[in-house]
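Structural overview
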Amino acid sequence: MNECLNNINVIFLMEKETEAPFGINETKRYVSSGGEEILFDQDLIGDAGLVELVDYMGGDGTVERVAIGGYRREIFPEKPSRFDLIGHLAASGIYQPFSSVQLKMHVQSPIEAALTLVYDLGVSVNEYSGRYSEMMDTSWRPSKKWIKEKLSGDQVDGRANQILEIFNKGRRETFTNYRELLGIDMARELARSGLGIDNDTAYFLKMNLNTAARIVRQGRMRFGESDLTRDYIESVADIASRVAPDSWNALMDNPKKIELTMPRDVDIVDNDLRPASWDVGNTKRVIVPDLEEHMFEISEFSGLGQFQVVDYMGDDSSFAQAARVSYGAGTKKLSDDHDLTKSLIRDLHTSPIEMAELAMESRNQVFSDPRQAGRHRTLDDHGFMGYTPIGNLFYVPDDSQFKYQDRVNRQGRGNEMDPEDLKKAKANFISDKENQLATVSRLEDLGAPEDLIRAAKGVGFYTNRWRTGDVHNLGHFLMLRLDVHAQKEVRDYAEQINWAMSLHTPIAHTAIQNNVINGMRLSSNEIEFLKGQEILGDF
């Protein structure tokens, strides 16, 4: 069928204008030298298949940073090497830091391979769709050698020739029938029904390093070296091993634990958030100048809270780029990325909106993060070496936040307190903090273990947290946590994320904000109805 190759197959996955489509720019993000070397290189598989790394976030340096809260390895008296520290994480089951590494790939493969990669619960994906478009007329073509290796018994060579002839004839007839159905303008979603899982499809695939390792481990157990899907599994493995070699080695081999002396919680939490652990570098990835300007810039919120952006992947163009892989010949597509992004968000086409990622660090009250923010399980997070350290800094609200219980909103605050009650409540707050710190001091004098000292502190003390999420799921977080009914302290935290997101992906950010009313996300039909009722203005 490759002889019939037409414009359908001139898909952007197969055509590269340049090896650095965004140029080469300075960035404050972590730069993986291995990732930069293979960025936009196409690993060609078979006749028409390919896997191409088109973006990444993080690497071995970010895994280390996330694991130890931005400190350098010298925080441990043993001063381990990066390789040993990362190996210790995997050997100890501390996997969250590995999710700081994100890989985004273009893939063109037979549907058979896509059935393994596209539908894994750990990936974000947007696929070329036969519901909207004419399917590509390339497909997997088995070789005679491959067929012979699968056969047993006599006359293997002759039988292989017959099998190959029958298979190819059936494939040609199937695609001819598909073309005829399109010729009479039959709905594409039904016309494609006869095409087999050997037919090619194309998709964007985003996954973190943990997911990549699991897919590769399971794929190697399930598929033999000559199986069609195995080549795509191994290509993913090669990309991951180049972007984060030490981390990939730790996840795929059998690393050993090492002896580490953990620092005191107060030494982890009560210092300011740390600056970048790496120098400014050059990257072929897309950059966001407005966000770059503020990376590792500490902003203060909610008492003694702190916040900073430490990494990101993609920008507003990532959504339209991912969405357009769904559309091919015969389908009208919007030419303006701004309008397309708004349309995607309006119509709740969420998968393309998962193609940009934002990573941040904060010092926050334990009751805010992780106790509340941690309930958003689509956002990855980590404390310090697999646990939540609690420092000696304590949150005391402003006087305006000392309020009576709201009798309607059972989870919220109601009217302001009378002066006498306010005085008592504030004294109680401060007394409780001082009593707990006195208990901590006595426990420390007696050489009590840090685990016990930590347990003596309330959830109003501060901890440090790393957190990352894609724009779609961050938008869902903001929809809930910016609501007026959300707790004031977690709203303060959400405001920080909201600010960062407005710099990172301003078009998507505005569309998400405009598409939410009273905590509900609306479709385009609902928006048009509300416009007709003069409830909404222009959107």
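Because the structure is a prediction, the values reported are computed rather than measured. (Residues numbered from 1 in each chain as written. Predicted model: local features only at pLDDT ≥ 70, side-chain atom pairs only at ≥ 80, totals over all residues. Heavy atoms only, no water.)

In space, the five strands of this open sheet follow the order β8-β9-β10-β14-β11, with antiparallel pairing throughout. At either margin of the open sheet sits one strand with a lone partner, and together these are β8 (299–301) and β11 (380–382). For this sheet the average axis-to-axis angle between neighbouring strands, irrespective of direction, equals 25 degrees. Bridge count between β11 and strand β14 (residues 462–470): three bridges; the pairing is antiparallel. Considered in β14, the bridge of Asp 381 is made with Arg 467. Contacts from helix α17 (residues 471–481) reach β10 (357–365) and β14 within the one sheet, and its direction differs from that of β14 by about 125 degrees. (Pairing = 2+ DSSP bridges. Helix = DSSP H or I, 4+ residues; strand = E, 2+ residues; numbered from the N terminus. Axes fitted to C-alpha atoms, helices over the stretch in contact; angles between N-to-C directions. Contact = heavy atoms within 4.5 Å.)

Here we come to the confidence of the model for the chain. Confidence in the prediction for the chain averages 88 pLDDT; 90% of positions are at 70 or higher. With pLDDT under 50 throughout, residues 1–15 is counted as low confidence; its partners more than four residues away or in other chains account for 44 contacts. Counting interchain partners and residues more than four positions distant, the pLDDT-below-50 stretch residues 328–335 has 18 contacts. (pLDDT = per-residue confidence, 0-100.)

For the coordinates displayed, the defined rule picks out 25 salt bridges. Between Glu 64 and Arg 82 there is a salt bridge; the shortest N-O distance is 2.7 Å. Of this pair, Glu 64 sits in helix α2 (residues 60–67) while Arg 82 sits in helix α3 (residues 82–91); the two residues are 18 residues apart in sequence, bridging distant segments of the chain. Given the relative accessible area of 27%, Arg 82 is considered partly exposed. Between Arg 264 and Glu 444 there is a salt bridge whose closest N-O contact spans 3.6 Å. Note that Arg 264 is positioned in the loop between α10 (245–252) and α11 (265–269) and Glu 444 in helix α15 (residues 419–445), a separation of 180 residues in sequence. For Arg 264, a relative accessible area of 40% translates into the label partly exposed. Look at Glu 444 and you get partly exposed, because its relative accessible area is 31%. (Salt bridge = Lys/Arg side-chain N within 4 Å of Asp/Glu carboxyl O. Buried < 20%, exposed > 50% of the residue type's maximum accessible area, 1.4 Å probe, protein only.)

Spatially, five strands are ordered β2-β3-β4-β6-β5 in an open sheet, and the strand pairing comes out antiparallel. Looking along the sheet, the strands with just one partner apiece sit at the ends: β2 (42–45) and β5 (124–127). Taken pair by pair, the neighbouring strands of this sheet meet at an average axis angle of 20 degrees, ignoring direction. In this fold helix α8 (residues 209–222) packs onto β4 (102–110) and β6 (200–208), with an angle of close to 125 degrees to the strand it touches most, β6. Here helix α9 (residues 228–243) sits on the sheet and contacts β2, β3 (49–57), β4 and β6; the angle it forms with β4, its principal contact strand, is near 160 degrees.

A cluster of nonpolar side chains, namely Leu 115, Tyr 119 and Ile 197, defines an oily patch on the protein surface of about 320 Å² accessible area. On the accessibility criterion, Leu 115 (45% relative accessible area) is partly exposed. (Patch = residues over 30% accessible without salt bridge, like charges linked within 9 Å, V, L, I, M, F, W, Y side chains within 5 Å. Areas by Shrake-Rupley, 256 points an atom, 1.4 Å probe, with all protein chains shown as cover.)

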